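Tertiary structure, described
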Amino acid sequence: MKMQEINGLETKDLAERLEESVAKYNQMKFNHNVTPLENPSLIKAARRDIARMKTVLRQRELNK
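Treat the numbers as computed from the prediction; the structure is a model and nothing was measured.

So, about the overall build of the protein. Within the protein, the secondary structure is distributed over 3 helices and 0 strands. Traced from its N-terminal end to its C-terminal end, the protein shows the element sequence α-α-α. The principal-axis extents of the C-alpha atoms in the protein amount to approximately 45 × 15 × 15 Å. When burial is assessed residue by residue, the protein has 22% of its 64 residues classed as buried. When contacts within the protein are restricted to residue pairs at least 6 apart in sequence, long-range pairs at least 24 apart make up 67% of them. Entry remark: accessible area of the protein is about 5100 Å², with carbon and sulfur atoms responsible for 50%. Of the side-chain charges in the protein, 13 are positive and 9 negative, and the distance between the mean point of each set is 8 Å.

Let's shift gears to a negative patch on the surface. Together, Glu-10, Asp-13, Glu-16, Glu-19 and Glu-20 give the surface a local cluster of negative charge. A relative accessible area of 38% means that Asp-13 is categorised as partly exposed.

Residue position: Asp-49 is located in helix H3 (residues 41-62). The exposure class of Asp-49 is buried, given its relative accessible area of 18%. Among the polar contacts made by the side chain of Asp-49, one reaches the side chain of Arg-52 at a distance of 2.7 Å.

Another point: H3. Helix length check: H3 (22 residues) gives 32 Å between terminal C-alpha atoms against 32 Å at 1.5 Å per residue, within 8%. For H3, the set of buried residues is Ile-43, Ala-46, Asp-49, Ile-50, Met-53, Val-56 and Leu-57. One side of H3 carries all its buried residues, which in axial view fall inside an arc of 155°. As for H3, its buried residues are in contact with helix H1 (3-8) and helix H2 (11-34).

In this fold, Arg-17 is placed in helix H2. Judged by relative accessible area, Arg-17 falls into the partly exposed class, the value being 33%. Arg-17 sits 36 residues away from Met-53 along the chain, and the two C-alpha atoms are 8.6 Å apart. Ignoring sequence-local partners within four residues, the contact set of Arg-17 consists of Met-1, Leu-9 and Met-53.

Rules and cut-offs
Residues numbered from 1 in each chain as written. Predicted model: local features only at pLDDT ≥ 70, side-chain atom pairs only at ≥ 80, totals over all residues. Heavy atoms only, no water. Helix = DSSP H or I, 4+ residues; strand = E, 2+ residues; numbered from the N terminus. Buried < 20%, exposed > 50% of the residue type's maximum accessible area, 1.4 Å probe, protein only. Contact = heavy atoms within 4.5 Å. Areas by Shrake-Rupley, 256 points an atom, 1.4 Å probe, with all protein chains shown as cover. Lys, Arg positive; Asp, Glu negative; His and termini not counted. Charge placed at Lys NZ, Arg CZ, Asp CG, Glu CD. Patch = residues over 30% accessible without salt bridge, like charges linked within 9 Å, V, L, I, M, F, W, Y side chains within 5 Å. Salt bridge = Lys/Arg side-chain N within 4 Å of Asp/Glu carboxyl O. Polar contact = N/O pair within 3.5 Å; in protein donor to acceptor, adjacent residues only side chain to side chain. Expected span 1.5 Å × (residues − 1). Arc of directions from axis to C-beta.

Here it is as structure tokens:
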């Protein structure tokens, strides 16, 4: 997910998408530990997307 997409979302939608992404990330990590994923770089990309979303949410919280 790109920063333009993240910035375009409303705060409520962004928080919901963050929860979904965290759940998906945790599931990917669990599945990778059981049987390795074909593309383990997806875990890295998911972690970075989560960090981007958290950053934008924090910026919005501080700018209130």
